[in-house]
Structures are given as structure tokens and as C-alpha cells.
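Commentary on secondary and tertiary structure
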Amino acid sequence: MWWRRSPGPVLDELSQRLQSGDSVALGQAYDLHHAAVRAFARRLLGDADAAEDLVQDVFVTLPKAIRRFDGRSALRTFVLGIAVRHAQHHQRALARRQRAWRRSGDVERTHSANPEAQCGENELAAALARALEQLPIDQRAAFVLCEIEERTAGEVATIVDAPEATVRTRLFHARKKLREALEREGLR
Amino acid sequence: MTDDELLQRAIKALRDEELGDAPAGARHRMLQAAGRARKLETRQTVVTLALGLALVASTAAATGQLQRAVAALKAVVAPVVPAPQVVVPQKSNARAGHYAANLMRITPSMPACATPTATVAQVPVDEAAAVSPRERESAPHTTSDRHVGRMRVAPVALEALPELASTDEALQQFRVAQRLHAQHQWQAALAAWGKYLQLVPSGELAPEARWSRAQCLVRLGRGAAAQAALQPFASGAEGGYHQADAAELLQALANPSEPTQ
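Calculation notes
Residues numbered from 1 in each chain as written. Chains lettered and ligands numbered in written order. Predicted model: local features only at pLDDT ≥ 70, side-chain atom pairs only at ≥ 80, totals over all residues. Heavy atoms only, no water. Contact = heavy atoms within 4.5 Å. Buried area = accessible area lost by both parts, 1.4 Å probe. Salt bridge = Lys/Arg side-chain N within 4 Å of Asp/Glu carboxyl O. pLDDT = per-residue confidence, 0-100. Helix = DSSP H or I, 4+ residues; strand = E, 2+ residues; numbered from the N terminus. Buried < 20%, exposed > 50% of the residue type's maximum accessible area, 1.4 Å probe, protein only. Patch = residues over 30% accessible without salt bridge, like charges linked within 9 Å, V, L, I, M, F, W, Y side chains within 5 Å. Areas by Shrake-Rupley, 256 points an atom, 1.4 Å probe, with all protein chains shown as cover. Lys, Arg positive; Asp, Glu negative; His and termini not counted. Charge placed at Lys NZ, Arg CZ, Asp CG, Glu CD. Phe/Tyr/Trp six-rings, centres within 6.5 Å; stacked < 30°, edge-to-face > 60°. Expected span 1.5 Å × (residues − 1). Bend = angle between axes of the 7 residues up to and from the residue. Polar contact = N/O pair within 3.5 Å; in protein donor to acceptor, adjacent residues only side chain to side chain.

**Considerations on the interface of chain B and chain A**
Listed by partner, the interface residues are 26 residues for chain B and 36 residues for chain A. Across the chain B/chain A interface, buried area totals approximately 2,900 Å², and carbon plus sulfur atoms make up 62% of it. Looking at the side of chain B facing chain A, the largest losses of area belong to Leu14(B), Leu19(B) and Met30(B), adding up to 22% of the total buried there. Scanning the region where chain B abuts chain A turns up 3 salt bridges.

**Remarks on the confidence of the model for chain B**
For residues with low pLDDT, the predicted coordinates do not support detailed interpretation. Residue and element names in this part refer to chain B. Of the residues in chain B, 62% have a pLDDT of 70 or more, and the chain-wide mean is 71. Mean pLDDT values for the elements of chain B range from 38 in helix H6 (residues 143-153) up to 91 in helix H8 (residues 186-199). Low confidence marks residues 106-164, where pLDDT is under 50. Its contacts with residues over four positions away, or in another chain, come to 78 contacts.

**Structural notes on the pattern of salt bridges**
All names here are of chain A. Applying the stated rule across the entire model yields 16 salt bridges over all chains. Across the pair Glu 13 and Arg 17 runs a salt bridge, and its minimum N-O distance is 3.5 Å. With a gap of 4 residues between them, Glu 13 and Arg 17 both fall in helix H1 (residues 13-19), about one helical turn apart. Judged by relative accessible area, which is 55%, Glu 13 ranks as exposed.

**Topic: a positive patch on the surface**
Residue and element names in this part refer to chain A. On the surface, a cluster of positive charge is contributed by Arg 92, Arg 96, Arg 97 and Arg 99. Along the chain, Arg 97 falls in helix H4 (residues 75-103). Residue class for Arg 97 comes out partly exposed when judged on its relative accessible area of 42%.

**Remarks on the packing of aromatic side chains**
As enumerated under the stated definition, the model contains 5 aromatic pairs over all chains in all. Both rings, one in Phe69(A) and one in Phe78(A), keep their centres 4.8 Å apart while their planes meet at 40°; by these two values the pair is tilted. The buried category is assigned to Phe78(A), whose relative accessible area is 11%. Between Trp211(B) and Phe233(B) the ring centres are 5.2 Å apart and the planes differ by 65°, which places this aromatic pair in the edge-to-face class. Highlighted residues: Trp211(B) in helix H9 (residues 206-219) and Phe233(B) in helix H10 (residues 223-234), separated in sequence by 22 residues. Linked through ring pairs, Phe174(B), Trp193(B) and Tyr196(B) together constitute an aromatic cluster.

**Digging into helix H2 (residues 23-45) of chain A**
Residue and element names in this part refer to chain A. The terminal C-alpha atoms of H2 lie 28 Å apart, and with 23 residues this falls more than 12% below the ideal 33 Å at 1.5 Å per residue. His 33 marks the point of greatest bend in H2, at about 55°. Measuring from the backbone nitrogen of Val 24 back to the side-chain oxygen at the start of H2 gives 2.9 Å, which picks out Asp 22 as the cap. Backbone geometry just downstream of H2 places Gly 46 in the positive-phi region, at approximately 70°.

Written as C-alpha cells, this is what we have:
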């Protein structure tokens, strides 16, 4: 029953200052969390410039978004949740741009696979990044957060604001598609 | 190497990949953009509020409700107007009963206390009907009396009145009663307080109106009615802050020959 619920956890000092609109606190939050957000954005979007835009967007909108933060999760988890939502917008914009490029006859980035070649780690990472780009954004976020950033399914569920079972399902489908994609590239 | 092993290798490779540092000035740009966003949000809030207020005001003006809305707003915003207190010389907390004694000093002699016949909630519809002919003749005919006289012409049954009269009308009536009370026109003030209580029998200012009405009854020497009106205050059922004064007045009314100290 809602009236029997225990009161929510107390916000930490930084979150409280952010909620009160303290711009110094915003700078501190940036210093603490920008690297995590940037790394996540780079892996999720696969593009350094787009990732940088995403980091900017996340921290510019943080003072407004923090009003609904109740302290039940870590501030970093909350910030990454903002990043996921912004990434969805970025992804839609990117898809529109790519459609426009195709219509204008631009050549898409191609990759010449060498089926028999023993690939190096860099090639393997690049192949996985390319395969990730083909995934729906929800599956991509689940894969990056769970597999690459090694977060628990519960934490990822909080970040993407979805049930844990949904996260596991997305992860399952993502892994399956990525295995197939790597196989298609002929990597060994 | 199986597909799963290949995927695990790829994951590890991507995890270990160097991502590079933040570009120079990114923090500064972010803080500047956040400041601009905050200003924009404040501006949007102000504009939205102003537009909303303008819309409400224009709608009220178009429907002829503007004055009423302003009056209602004033009633909400303005502090509660205290009921007029009878100016009693030398009123001091140092001497208990001084207030009642002073009030009684200018009160005409009255018969001994009788059993209350009505509670204060049951305000007589026409206060003038309860006034003795001698009082009515002796009262000077002032503008205020003529105003009160108009109120006497068309007494309205309590049952017929709406539970809540319009705020501006009730406030106006309260002010009229206040003015008459301050001018010591007890008879007219009594009628005016009665009229106000008919309009707002259970409003925020109703206890003060009842208290002032009880004072008028004391001043006019209508002992039984005054006692009935003071009883709820003395018992603490209403206006607890007048309890001590009401008790003293009741005591003084019960023993008019003994000076109250």
C-alpha cells in the first residue's frame, strides 16, 4: 500500500544542490560523470561527434531533469538514463540523415571483409561497432550497458526505465544478431 | 573459434578500445549552454504566466466578472479585517474585569438576567422589532439610520437566503456594520451585524460579527438578548479569544448593581 511505503532515500548533497539550481553543482556533476556518459555515448552511437553532442545535451538538460530524481538510484545511473533517452532522439535524427544521404547518392561506408584473414583486435572491435549500428537502439543500449560496460541487469533496467526481463530479452536478441553479423563478416 | 567466442573477443576488444578524452572547452561550453537554457526556461515561465493572467483578465472583463474577480482576489489576499473593538478607556490586563466594568458604565440599567431565549446563531431577522418604542423614538435619524431603515423594510427569512452570499456584498455589509459600530450607533450597528450574519452565517468573519453584535446588545441594555449572545463566547464554543471578556460581561449583566472589578 502506498501509505505504508517507507519514505524515499535522502538525496545526497550534490543532488540537492542540483535540484536547487546551483550552477557550481552542475560543474561538479559534469566532472564526476562526463567520462562515463561520453564512453557510453561513443559505444552506443559509434560516432565521436554525435557522442560529444549527446554529452552536452545530457548535462544541459540535467538541471531540469533532476527535479524528478528521488535518490532511489545513484546519480550516475540517473544521468545515464537521460543519455539513453537523448540517444534515442539522436538515433532518429541520424537515421533521417542517412536516408537523405542515400537518396542523394552518397556512397555508404563499406567494409571489405577478408573471410579467411585472422583479424586483429582493432578490426574485431570495428566490426562489432559496425554490427552494433545495425541494431535497434533499445537492444543496442542493453548490449552496451550489460556486455561492454558490465552493468547488472537490474541497474540497466533502471537506466533504460524498463523491466529487468525486458532488458534480458533485448540482450538475448542483440547477442544473436551480433553473432550473425560477425559471422557474415567472415571474421575468425 | 565458435561464434560465441568470437563475440566475446569482439566485446573485449571494444571494451579495451581507447575512447579518447573530452575535447577542450567542453565543460565551459556545457555550462554556458546550461545557463542559456535556464534563462530561456525562466523567460518561458514568465511569458506563460503573463499570457494566462491576460487571458483570465480579458475573459473576466468580457463576461462582466472582472470587478467581482478582483473583489474575490482582494478578499483572499487581504488580511482579515479585525472587528471593531469598543474603545474602552484605561483597558488594561492588570485589572481583571476592568473591560466589563467600563462597558457596563455606559450601559443603561437593565433588568436582572433572564434565561436566554435564542442562541447567537439564530439571529433575529428584524432587529428593530425587538427594540422598545422609546429607543426607537430617541434614536437620531442619521444617514446611517436611513440605510439601516431600508434594510428593515424587506426582511428576508433565513431559510430563503443562500448559504453563501457573494463575497463583495458580504464584505460591503461587514464594512457598513463596522463603520456604524465605530460611530457608536449601536442600534444601527446591531441591525447591520444581523444583516451580515444573515448573508454569511458561517463565514470567516462570522464569529467577530456575533461578538460585535453581542456588544451592541450590551450597549443597548438588552440584557437577556445580550446574555444569550455572549453565552457561546463565555463557554468557549466560539471565538475563544473573547472568552474571558464574555465571562466578565455575563457576570456584570447578572449582577448589575455590583461594580465589576
